[in-house]
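Take a look at the letters that make up each chain.
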Amino acid sequence: MEQIASEAEKRTQVPAYPRSVEKVISAIMTSNNFWKIVDLSDEPLPLVAEILKLLKEHDLVIFEGNQILLTEAGAELARRLGIEPFVSHKCPTCKGRGVIIDDSLREAYEKFLKIQENRPPAIHQFDQGYVTPENTFARVALADDRGDLRGKKVVVLGDDDLMSIALALSGLPKKVTILEIDERLVNFIKEVSDKYNLNIDARVHDLRQPLPEDVLGAYDTFFTDPPETVEAIKAFVGRGVATLKGPRCAGYFGVTRRESSADKWRRIQRVLIDMGLVITDLIHNFNEYVNWDYYEEMRGWQLTPVKEPPKDIWYRSTQFRVETVRGFEGFNEPIVGDIYNDAESSTT
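*Asks:* Can you help me understand the pattern of salt bridges in this one?
*Replies:* Side chains that carry opposite charge are capable of pairing whenever their charged atoms lie near each other. Counting across every chain of the model gives 30 salt bridges. As a salt-bridge pair, Glu76 and Arg79 come within 2.9 Å of each other at their nearest N and O atoms. Taken together, the positions of Glu76 and Arg79, both in helix α5 (residues 72-81) and 3 residues apart, correspond to about one turn of that helix. For Arg79, a relative accessible area of 57% gives the class exposed. For Glu323, the salt bridge goes to Arg321, with nearest N and O atoms at 2.8 Å. Across the pair, exposure class does not vary: Glu323 and Arg321 are buried alike. Among the ionic contacts, a cluster of salt bridges with common partners joins Lys36, Asp39, Asp42, Lys95, Arg97, Glu134, Arg258, Glu288 and Arg316.

*Asks:* How should the environment of Lys175 be read in this particular structure?
*Replies:* Looking at the secondary structure, you find Lys175 in strand β4 (residues 175-180). What makes Lys175 partly exposed here is its relative accessible area of 33%. In this structure Lys175 touches Lys152, Lys153, Val154, Asp201 and Tyr219, once residues within four positions along its chain are discounted.

*Asks:* Would you take a moment to explain the packing of aromatic side chains for this structure?
*Replies:* What describes a pair of aromatic rings is the distance from one ring centre to the other and the angle between the planes of the rings. Within the structure shown, the criterion is met by 11 aromatic pairs. A connected cluster of aromatic rings, assembled from ring pairs, spans Phe34, Trp35, Tyr289, Trp301, Trp314 and Tyr315. The aromatic ring of Trp265 is capped on one face by Arg257, whose charged end is 5.9 Å from the ring centroid. Taking the ring centre of Trp301 as reference, the NZ or CZ of Lys307 above it sits at 5.4 Å.

*Asks:* Whenever I open this one, the sheet that holds strand β9 (residues 316-324) confuses me. Can you help?
*Replies:* Hydrogen bonding along the main chain pairs the strands of a sheet, whether they run parallel or antiparallel. Pairing within the open sheet is mixed, and its 7 strands lie in the order β5-β4-β3-β6-β7-β9-β8. Of all strands in the sheet, those with a lone pairing partner are β5 (201-204) and β8 (277-288), marking the two edges. Within this sheet the neighbouring strands show an average axis-to-axis angle of 20 degrees, counted without direction. Direction of pairing for β8 relative to β9: antiparallel, over a ladder of 8 bridges. Bridging from a neighbouring strand, Val278 pairs with Glu323 of β9. On top of the sheet, helix α9 (residues 183-196) reaches β4 and β5; it is set at about 160 degrees to β5, its chief contact.

*Asks:* How should I be thinking about the packing of helix α7 (residues 133-145) against helix α8 (residues 163-170) in this particular structure?
*Replies:* Geometrically, a packed helix pair is captured by the angle between its two axes and the distance between the axes. Their axes nearest at 10 Å, the elements α7 and α8 cross at an angle of 55 degrees. One finds that α7 runs oblique with respect to α8. Pair α7 / α8 crosses with right-handed handedness. Each of Thr136, Phe137, Arg139 and Val140 in α7 lies in contact with α8, whose residues at this interface are Met163, Ala166, Leu167 and Ser170.

Basis of the calculations
Residues numbered from 1 in each chain as written. Predicted model: local features only at pLDDT ≥ 70, side-chain atom pairs only at ≥ 80, totals over all residues. Heavy atoms only, no water. Salt bridge = Lys/Arg side-chain N within 4 Å of Asp/Glu carboxyl O. Helix = DSSP H or I, 4+ residues; strand = E, 2+ residues; numbered from the N terminus. Buried < 20%, exposed > 50% of the residue type's maximum accessible area, 1.4 Å probe, protein only. Contact = heavy atoms within 4.5 Å. Phe/Tyr/Trp six-rings, centres within 6.5 Å; stacked < 30°, edge-to-face > 60°. Lys NZ or Arg CZ within 6 Å of the ring centre and 35° of its normal. Pairing = 2+ DSSP bridges. Axes fitted to C-alpha atoms, helices over the stretch in contact; angles between N-to-C directions. Parallel < 35°, antiparallel > 145°, perpendicular 65-115°, else oblique. Left-handed = near helix turned anticlockwise from the far one by under 90°.

Okay, here's the thing in structure tokens:
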């Protein structure tokens, strides 16, 4: 296991441990589908793909068509090491999120379901991907549960998930503003806002550029869903922090294990702490992303050992909630160079 982990790290430049290999084997014992193995192993896709290739080189797995199967030697190794199939005890009602869409949000949610059917599709140009409609409203429920919406001013930095529409439909925030690079999305949100009298302040803005002066220090709560390099987290979450009024304001964003190793998480958490943020909530796999149509353009597709399109949801992220404390500091400098890709990236 140590040998496979070491070789996988050498080939991918993604931190790997014997535990990483164990989790991949455990996932194979539960599913023969590559995307589900990535999902269940909770390791970065490039690392999972390389571990599978190394397991095959050691005759511990075989690839039969689109299936990934343990060989007799692989099954014997699992027995010897005490590796068991993956088991989930997730609550079937809330899906492990800890919140539900109750009667107070049901009417707004039903409207949102119809509205989002006509949304512009995700495109690779802007590295877009969006969560399920239920997931979007679960975020609303979570933020309301934490006291971050009622009578508050809320800003959404990048709005693939149509959070601005969900927030405005809920009627909870005092004001909702979005800054989004994709003019298609901004126009769609403006049309919905006008039709339903939502009064969303929707603006076209490239978040690689500094934020407009009027949004700095003007909001109580921010939402964003940044790319997953450490530099991108600093830049996009830092932009969110820069919009906040003062201490004890809140921010929400997701970080995956599909594109971020535990080592990267450690660096991300240091960045957050250095900004003057406290991490109040980490809800594992809170966010579930709809499979996007451009999967064959992804780096991850090139790395897969078997070429089968994803069918079920496999890309999930942990929901972070952070709060500012005294001495917090945002980031609003221009972003220069490529901060969207690293060795662990797979959807770019």
